[in-house]
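What follows is the residue order along each chain.
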Amino acid sequence: MARFSKLHPCFGFLHCQADHYRVIYNRLCQMRDDDIKAGNLTGGMPTGFQNWAFEDLKTKADEPFYAKQIQEHLGQLDLTIEATKRQLNTTYLSEKLKELEEKKTNLAGLISSE
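Summarised in this report is the structure supplied together with it.

## Examining the state of the cysteines
Summed over the entire model, instances satisfying the criterion amount to zero disulfides. Free cysteine: Cys10, not disulfide-bonded; nearest cysteine sulfur from Cys16 at 10 Å. Here Cys29 is not cross-linked by a disulfide; its sulfur's nearest cysteine counterpart is in Cys16, at 14 Å. In this structure Cys29 comes out as buried when scored by relative accessible area, which is 16%.

## Let's talk about the pattern of salt bridges
The full count for this structure, using the stated rule, is six salt bridges. A salt bridge links Asp78 to Lys104, with the nearest nitrogen and oxygen atoms 2.6 Å apart. With a gap of 26 residues between them, Asp78 in helix H3 (residues 64-88) and Lys104 in helix H4 (residues 94-108) connect regions that are remote in the sequence. Residue classification places Asp78 among the partly exposed residues on the basis of a relative accessible area of 34%. A relative accessible area of 27% places Lys104 in the partly exposed class. One salt bridge in this structure joins Lys85 and Glu101, with 3.8 Å as the shortest N-O distance. Separated by 16 residues along the polypeptide, Lys85 in helix H3 and Glu101 in helix H4 bring together distant segments of the chain. Members of the salt-bridge network, linked through shared partners, are Glu82, Lys85 and Glu101.

The rules behind the values
Residues numbered from 1 in each chain as written. Predicted model: local features only at pLDDT ≥ 70, side-chain atom pairs only at ≥ 80, totals over all residues. Heavy atoms only, no water. Disulfide = S-S within 2.5 Å. Buried < 20%, exposed > 50% of the residue type's maximum accessible area, 1.4 Å probe, protein only. Salt bridge = Lys/Arg side-chain N within 4 Å of Asp/Glu carboxyl O. Helix = DSSP H or I, 4+ residues; strand = E, 2+ residues; numbered from the N terminus.

This is the structure in C-alpha cells:
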C-alpha cells in the first residue's frame, strides 16, 4: 500500500493513491451537487457515480498498485463464492452467489491475464 491512501468510496476493498482519490472525491461531490440541483435528495451514491467509478477504475487497473489489489480481491471473491456454493443447497443464497460471480467477472475484466 502507498504510505498515504484512502479507501475508494464505491469499491471498499480498494485503496486509492492520494492524487487519484482527490479526483474521485471531487467527482463524487460534483455528482452529488448535480443531484441536489435536480431535486434528487435520495441517499446513497449520486446518480451515475457507480458507473463512472467503474469506468475510472478501468483506466487504472493496469497500474501495479491497483492491479495487485484487484487480483487479491478476486482471490477473496473466489473463496467467498466457493463457500456460498457449499451453503447454497440448504439456503436462499442463490441471488447472493449471482451477485458475487458478476462482481468477480466485472473486476476480472479490468486486468489482463498474466
